[in-house]
Protein chains: 2
Amino acid sequence: MPNNQFKKGELYSFITGKASTAIARRLQKKFNAAGLHITIEQWSVLYHLWKQEGISQQELCNATFRDKPSITRLVDNLEKLNLVKRVASDNDRRINLIYLTRQAQKLQEEAMTLAEETLNEALETVPPDKVDVCKEVLQIVYDNLK
Amino acid sequence: MPNNQFKKGELYSFITGKASTAIARRLQKKFNAAGLHITIEQWSVLYHLWKQEGISQQELCNATFRDKPSITRLVDNLEKLNLVKRVASDNDRRINLIYLTRQAQKLQEEAMTLAEETLNEALETVPPDKVDVCKEVLQIVYDNLK
DNA sequence: GGCATATAGTTGTTTATACAACTATCCAAA
DNA sequence: TTTGGATAGTTGTATAAACAACTATATGCC
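Structure report, in brief. (Residues numbered from 1 in each chain as written. Chains lettered and ligands numbered in written order. Predicted model: local features only at pLDDT ≥ 70, side-chain atom pairs only at ≥ 80, totals over all residues. Heavy atoms only, no water.)

Notes on the protein's contact with DNA strand D
Which entries qualify depends on this criterion: The near set for a molecule or strand comprises every residue that places at least one heavy atom within 4 Å of it. Two N or O atoms count as a polar contact when they lie within 3.5 Å, although within protein this holds only if one can serve as hydrogen donor and the other as acceptor, and sequence-adjacent residues are included solely when both atoms are side-chain atoms. For the purposes of this entry, the term helix denotes a DSSP run of H or I that reaches at least four residues, the term strand denotes a run of E that reaches at least two, and both are numbered from the N terminus.
Taken together, 25 residues surround DNA strand D, and among them Gln58(A), Arg73(A), Thr39(B), Arg66(B) and Asn77(B) come closest. Of what DNA strand D places within 4 Å of the protein, 58% of the atoms are sugar or phosphate. At a separation of 2.8 Å, a phosphate oxygen of DNA strand D approaches a polar backbone atom of Asn96(A). For the surface near DNA strand D, the secondary-structure elements that each account for two or more residues are helix H4 (57-64) and helix H5 (68-80) of chain A together with helix H3 (40-51) and helix H5 (68-80) of chain B. It is H5(B) that contributes the most residues to the surface near DNA strand D, 5 residues altogether.

Topic: the packing of helix H4 (residues 57-64) of chain B against H5(B)
Residues and elements named next belong to chain B. Rules: Interaxial angle, 0 to 180 degrees, is taken between N-to-C directions of lines fitted to C-alpha atoms, where a helix line uses only the stretch in contact. Reported orientations rely on four angle classes, namely roughly parallel under 35 degrees, roughly antiparallel over 145, roughly perpendicular from 65 to 115, and oblique for the rest. A crossing counts as left-handed when the near helix is turned anticlockwise from the far one by less than a right angle, and as right-handed when that turn is clockwise. Contacts between residues were defined by any pair of non-hydrogen atoms, one from each residue, lying within 4.5 Å. The residue classification treats Ala, Val, Leu, Ile, Met, Phe, Trp, Tyr, Cys and Pro as nonpolar and Asp, Glu, Lys and Arg as charged. All others, Gly included, are polar.
Interhelical geometry of H4 versus H5 gives an angle of 110° and a closest axis separation of 9 Å. It follows from the interaxial angle that H4 and H5 lie roughly perpendicular. Relative to H5, H4 is oriented so that their crossing is right-handed. Each of Gln57, Gln58, Leu60, Cys61 and Thr64 in H4 lies in contact with H5, whose residues at this interface are Lys68, Ile71, Thr72 and Val75. For the contact of H4 with H5, the residue count by class is 4 nonpolar, 4 polar and 1 charged.

Thoughts on the layout of surface pockets
Leftover empty space is mapped by rolling, across the atoms, a probe with the size of a water molecule. Note the cut-off: Cavity means a closed set of points on a 1 Å grid over the protein atoms alone, one where a 1.4 Å probe fits but cannot get out, pocket means an open set with protein on both sides within 12 Å along at least 5 of 7 lines, and lining means a residue has an atom within 4 Å of a point. Grid points are joined across faces, edges and corners, and a volume is the space filled by probe spheres set on the points.
Here the largest pocket defines a volume of roughly 870 Å³. Considering the residues around the largest pocket, the lining is formed by 35 residues, among which Thr16(A), Ser20(A), Thr21(A), Ser20(B) and Thr21(B) are closest to the centre. Sorting the residues of the lining of the largest pocket by element identifies helix H1 (8-16), helix H2 (18-33) and helix H3 (40-51) of chain A together with helix H1 (8-16), helix H2 (18-33) and H3 of chain B as the ones contributing at least two each. When residues of the lining of the largest pocket are assigned to their parent elements, the largest contribution, 7 residues, is made by H2(B). Each residue belonging to the lining of the largest pocket can be placed in one class, and the counts come to 14 nonpolar, 13 polar and 8 charged.

A word on the sheet that holds strand E1 (residues 55-56) of chain B
Residue and element names in this part refer to chain B. Going by this rule: Any two strands with at least two DSSP-identified bridges between them are counted as paired.
Reading across the sheet, the 3 strands line up as E1-E3-E2 and stay open at both edges, with antiparallel pairing between neighbours. Pairing within the sheet leaves two strands with one partner each, and these edge strands are E1 and strand E2 (84-88). In this sheet, strand E3 (residues 96-100) lies alongside E2 in antiparallel orientation, the contact comprising 5 bridges. Note that in E3 the partner of Val84 across the bridge is Leu100. H5 rests against E2 and E3 of the sheet, and its axis sits at about 115° to E2.

Section: the protein's contact with DNA strand C
With respect to spatial proximity, 26 residues lie near DNA strand C, and among them Thr39(A), Arg66(A), Asn77(A), Gln58(B) and Arg73(B) are the closest. For DNA strand C, the fraction of protein-proximal atoms (within 4 Å) that sit in sugar or phosphate groups is 59%. Contact between DNA strand C and Gln57(B): a phosphate oxygen at 2.7 Å from a side-chain N or O atom of the residue. Arg94(B) places a polar side-chain atom, nitrogen or oxygen, 2.8 Å from a base oxygen of DNA strand C.

Quick look at the packing of aromatic side chains
Aromatic rings in a pair are described by how distant their centres are and how their planes are angled relative to each other. The condition is simple: Any two of the Phe, Tyr and Trp rings considered here, Trp counted by its six-membered ring, make a pair once their centres fall within 6.5 Å; the pair's planes then place it as stacked at under 30 degrees, edge-to-face at over 60, or tilted in between. Cation placement over rings: the criterion is NZ of Lys or CZ of Arg within 6 Å of the ring centroid and within 35° of the ring normal.
Summed over all chains, the structure comprises 10 aromatic pairs over all chains. Among the aromatic residues, ring-to-ring pairing joins Tyr12(A), Trp43(B), Tyr47(B), Phe65(B) and Tyr142(B) into one connected group. Directly above the ring of Tyr142(B) sits Lys18(A), whose terminal nitrogen or CZ lies 4.2 Å from the centroid.

Overview of the interface of chain B and chain A
Quick note on the threshold: Two parts placed together each lose some accessible area; with a 1.4 Å probe, that loss summed over both constitutes the buried area. One side-chain nitrogen of Lys or Arg within 4 Å of one carboxyl oxygen of Asp or Glu is enough to make a salt bridge.
Chain B puts 58 residues into the contact, and the matching count from chain A is 58 residues. Both sides together, the interface formed by chain B and chain A hides about 5,900 Å², and carbon and sulfur atoms give 68% of it. Broken down residue by residue, the surface that chain B buries against chain A is led by Tyr12(B), Ile15(B) and Leu145(B), which jointly contribute 13%. Summed over the shared surface of chain B and chain A, the number is 2 salt bridges.

Here's the deal with the environment of Asp76(A)
Along the polypeptide, Asp76(A) turns up in helix H5. For Asp76(A) and Arg86(A), which are 10 residues apart along the polypeptide, the C-alpha to C-alpha distance reads 9.2 Å.

Re the relation of the copies chain B and chain A
Between the two copies of this chain, the relationship is a rotation about some axis together with a displacement along it. To keep things clear, this is the line we draw: All copies are superposed by least squares; the fitting set is the C-alpha atoms of residues with a pLDDT of at least 70 in both.
Least-squares fitting of chain B to chain A yields an RMSD of 0.0 Å, with the superposition described by an axial translation of 0.0 Å and a rotation of 180°. Expressed as an axis order, the relation between the two copies is that of a two-fold axis. Every residue of chain B has its C-alpha some distance from the rotation axis, and the shortest such distance is that of Cys134(B), at 2.2 Å. With an isologous cut-off of 70% or more, the 100% of interface residues of chain B that recur at the interface of chain A puts this contact in the isologous class.

Here's the deal with H2(B)
Residues and elements named next belong to chain B. Quick note on the threshold: One fewer than the residue count of a helix, multiplied by 1.5 Å, yields its expected span. The cut-offs for exposure are 20% and 50% of the maximum accessible area for each residue type, with area from a 1.4 Å probe on protein chains only; residues under the lower value are buried, those over the upper are exposed, and the others partly exposed.
Taking 1.5 Å per residue, 16 residues should reach 22 Å; H2 reaches 23 Å between its end C-alpha atoms and fits that length. All buried positions along H2 are accounted for by Lys18, Ala19, Ser20, Ala22, Ile23, Ala24, Leu27, Gln28, Lys30 and Phe31. One or two residues past the end of H2 sits Gly35, with phi positive at roughly 75°.

So far we have only geometry, and geometry alone does not tell us how the molecule works.
Take a look at the structure:
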C-alpha cells in the first residue's frame, strides 16, 4: 500500500528541500559575514578533505554525491583560491590526489564552528528525540533512492 | 543549551540536503523517461501555476523561495518552451501575470502522478508516524531560519 | 501636482549541476 | 604482448542560483 500521506503543499516542500535550502543559505551568510570567501559547495569538499586529505577526485565524488565534472570544476576553483593542490598519484597516473594548502587548514576551525552554529539555530526548539527520528527518515529516503 | 547532537557525518547530510537531492534526481529521471521535457525547477513553478494561474512573478518568488532574477529566467525558459505566457496586468503595469498554455495544462496530471510516485518510493518502508515527525521537524527548521 | 520612496521585473556576472562526449591510463584475457 | 574494456579525469553545453545594479511603474506625502 503506498505511503500516500502527503497533502500537496507538503509534497512540494519535501521534493524541493525547503529546509536544507534554508540551512545552506544561512550558512553561506555566516561565511560571508565572517569574511570566509568560500561557497557552501566548496565547503562541502573541504569538509571531507579536513577529515582526510590526499584522497582522489573520485572519492570526493562519492563522498559529496556529485558527478565527476562537478568535482573537476570545484577542485579547479579551490585551486584558483589556493585552498587545494592536485598531486598526481605515483601508483596510478590517472588519479589526482587532492591536498589542502596551509590556508585551507587554517579555515577548518572557523568554518566548522559556523556550520555547527547554523545547525543549532536550525534545530532550536526541536526536541532531540524528534531530531533523531528526522535523521533516521532522511537516511532511509536516501537509501531507498540511491 | 545548544541542540548539539550531530555527529560530523550527519551534520554534513543535513546541511547538504542529501535526501532532497536524491528525491529531485529521481523525479527528474522519471520526467525524462516519460518524455516530459521539463526540469525539476520548471516543475516547481508549474506546480504553483497548476494550483492557481494568473499570479505575478513576485508571488511565484514567494511560493518557490526563489529570488526575482531566478523567477525571471525560469519564466523566460517556460515561455520559450511554450508552457506559460506573461500577460501585463491592467491594474498595475509593473506586474506580469503568468498564465499556463494548453500544453502546460495537459502536463499536470502526468507530472503530478510522477511526483507522488517518487515520494512513495522515497518513503517506502517508513512508518507514517515517523514521516509526520520528519515533516514537522523540517517545517520548524524552515521557520527557525527564514 | 511633484518628488521621494517602494515595488516589480530585468540584466550582468560568477558559481554550480547534469549529461554527453572525450582523453589518458590501467588491467586482464586471448 | 596486444587488445578491449574499465576507470579517472576533463571539456562542452544547457539550466539554474545568488547577488548587485539597473529600469519602469506606482504610491504617498508635501
